[in-house]
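One-letter residues, chain by chain:
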Amino acid sequence: MVESSKKRKGSSSSAAAHRTSCSGANRASATPIPPSLSSSTLFSSDEQHIRYSSLFQSRQILDPKYLDLEFFDGETFDCYQVFQNTGLIPFMSLKLPYYPELVRVFYSNLKIQDGTLISEVHGIPMIIDESLFFSLTQLPSQGAPFEGTLVDDWKFDYSSHDARRMVCIDQADMTGRLLAGSLTFDCRIMHYIIVRILMPRSSNLAQAFEEDLILMWAFLTGRPIDWAHLVRYRMHKALWSGVPLPYPQLVTLFLRHFEIPLDSEPFVQVKRSFAIGAGAVTSFGYRKDMDGQWLKKDAQPPQDERTPSPPPQRDDSSALMHEVLSELRGLRTYVGERFDSLDGRI
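The text that follows walks through the structure, step by step, so that each part is easy to find. Remember, it's a predicted structure, so these values are computed and weren't measured experimentally.

Each value, and the rule that gives it
The residue numbering used here restarts from 1 in each chain and proceeds along that chain's sequence as written. Thresholds applied to this predicted model are a pLDDT of at least 70 for local features of residues and 80 or more for the giving and counting of side-chain atom pairs; totals over whole chains, interfaces and linings are not thresholded and use all residues. For side-chain calculations, the full set of non-hydrogen atoms in the structure is used, while hydrogens and water are omitted. Among buried residues, the Ala, Val, Leu, Ile, Met, Phe, Trp, Tyr and Cys ones that are joined through side-chain atoms within 4.5 Å form a nonpolar core. Relative accessibility decides the category of a residue: with a 1.4 Å probe and only protein chains considered, values under 20% of the type maximum give buried, values over 50% give exposed, and everything between is partly exposed. Secondary structure follows DSSP: runs of H or I at least 4 residues long count as helices, runs of E at least 2 residues long count as strands, and numbering of each begins at the N terminus. Any two residues having at least one pair of non-hydrogen atoms within 4.5 Å are treated as being in contact. Two strands qualify as a pair provided DSSP detects at least 2 bridges between them. All axes here are fitted lines through C-alpha atoms, helices being fitted over the stretch that makes contact, and every angle between N-to-C directions spans 0 to 180 degrees. Cysteine sulfur atoms are paired as a disulfide whenever they fall within 2.5 Å. For this analysis, a ring pair means two rings from Phe, Tyr or Trp (six-membered ring only for Trp) whose centres lie within 6.5 Å, classed as stacked if their planes differ by under 30 degrees, edge-to-face if by over 60, and tilted for the remaining angles. Both a distance and an angle decide whether a charge sits over a ring: NZ of Lys or CZ of Arg must be within 6 Å of the ring centre and within 35 degrees of the ring normal. Expected span of a helix: the number of residues minus one, times 1.5 Å. Any Lys or Arg side-chain nitrogen found within 4 Å of a carboxyl oxygen on Asp or Glu counts as a salt bridge.

1. Looking at the nonpolar core
Residues Phe83, Phe106, Tyr107, Leu198, Phe219 and Phe254 are the most contacted members of the largest nonpolar core, which totals 91 residues. It is helix H9 (residues 185-198) that contributes the most residues to this core, nine residues altogether. Once residues within four sequence positions are removed from consideration, Phe106 is found in contact with Leu117, Ser119, Val121, Met126, Met235, Val251 and Phe254.

Quick look at the structure:
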């Protein structure tokens, strides 16, 4: 009996083990086996697709802002003359659509080695050396290798306090955070363009960081900058986790140069909201007067000396009293004359 019981127990254990094994096998067979990730035409390897899916697929892309040249050509802003002198206008006025998915793929595969950009989209290698980068972007490449901090050649001449005095209005606080509202009219336009086109960012646009201040100082003192180096550095910095992707219009230039297929790709067309022009200046609280001068909206127009001043207003009570006294003086004169006439007859 005992042996029979053992057999039954052993048999039961074996059956349970068999059921567990079969159940595990069924679960394994029920799990779909994904096809090779590299089957997508965007990527040439599973590693590329995995990196894209985990780090870049949902990454924010910064709007490609551009200068409204029709507006700026009709103004006399000093900062616009500075931008022209540095050769930045072709880059700052670049208007191109961009392809969000391809921008993210480009950055996901991007490596920068000795100034050369190396990436791949749709399995097509893209190698952009310094010469080709300049040819496509027209960015000046002669000057200091500025990356957001003070370069060695500028350390003797630069002072943060003096730079603030150079760019700020008289009433500005020279010790705390530097806000855009503390900048002079022309420097405020310059800063607005810096943080949206040259060194674009997604937040704190109304604050002037130290890197913004250094750059404005460099502009105003005529310091040449290697802009090609700076833009490549900013593109490389965007490879860090979570950093918004800048310069999508440049990626479009690269895609077109390497003849990446674009016909069936979804794209973002150039929008009027991307333009920096009169709307930006009026957002500072300025308006244009009849003489074409930009003034604070709450400023009083200057008094025209040729316009006669209005006559002074008389106080009504004083005027009434004056009339009464005049009447009394007239009555006194009349009465006096009547008495004189009576005296003469007597």
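After presenting the structure, the write-up continues.
2. Overview of the sheet that holds strand S4 (residues 124-128)
In spatial order, the strands read S2-S3-S4; together these three strands make up an open sheet with antiparallel pairing. The two strands at the open ends of the sheet, each matched to only one other strand, are strand S2 (111-113) and S4. When strand polarity is set aside, the average angle formed by the axes of neighbouring strands in this sheet is 20°. Two elements, S2 and strand S3 (residues 116-121), share three bridges in a ladder whose sense is antiparallel. Along S3, the bridge assignment pairs Ile112 with Leu117.

3. Overview of helix H12 (residues 248-257)
Three- or four-residue spacings in an α-helix give side chains the same orientation, since the helix completes a turn every 3.6 residues. Counting buried residues along H12, eight of its ten residues qualify, which places the element largely inside the surrounding structure. Residues of H12 that are buried make contact with helix H5 (89-92), helix H6 (100-108), S3, S4, helix H7 (130-137) and helix H11 (227-237).

4. Examining the state of the cysteines
All chains considered together, the criterion is met by zero disulfides. Summary of cysteine pairing: Cys79 is not part of a disulfide, and the nearest cysteine sulfur, belonging to Cys187, is at 8.1 Å. With no disulfide of its own, Cys168 lies closest to Cys187 among cysteine sulfurs, the gap being 8.1 Å. Judged by its relative accessible area of 6%, Cys168 falls in the buried class.

5. With respect to the packing of aromatic side chains
On inspection of all chains with the given rule, the structure shows 19 aromatic pairs. Ring centres of Phe77 and Phe185 lie 5.8 Å apart, and the angle between their planes is 70°; on these two criteria the pair is classed as edge-to-face. One end of the pair, Phe77, is in the loop between helix H3 (69-73) and helix H4 (78-85); the other, Phe185, is in helix H9, and 108 residues separate them in sequence. An aromatic cluster of at least three residues, connected via ring pairs, comprises Phe71, Phe72, Phe77, Tyr80, Phe185, Tyr286 and Trp294. A cation over a ring is seen here: Arg59 above Phe56, with NZ or CZ 4.3 Å from the ring centre. In this structure, Arg232 packs its charged tip against the face of Phe133, placed 5.0 Å from the ring centre.

6. Observations concerning H9
The first and last C-alpha atoms of H9 sit 19 Å apart over 14 residues, in line with the 20 Å expected at 1.5 Å per residue. The buried fraction of H9 amounts to 13 of the 14 residues, a majority that puts the element mostly inside the structure.

7. Re the pattern of salt bridges
If you walk through the whole model with that rule in mind, you get six salt bridges. The residue Arg201 makes a salt bridge to Asp212 at a minimum N-O spacing of 2.9 Å. Highlighted residues: Arg201 in the loop between H9 and helix H10 (210-220) and Asp212 in helix H10, separated in sequence by eleven residues. Both residues of the pair, Arg201 and Asp212, belong to the buried class. With its nearest N and O atoms 3.7 Å apart, the salt bridge here joins Arg234 to Glu211. With Arg234 in helix H11 and Glu211 in helix H10, this residue pair connects regions lying 23 residues apart in the sequence. Neither residue differs from the other here; Arg234 and Glu211 are each classed as buried.

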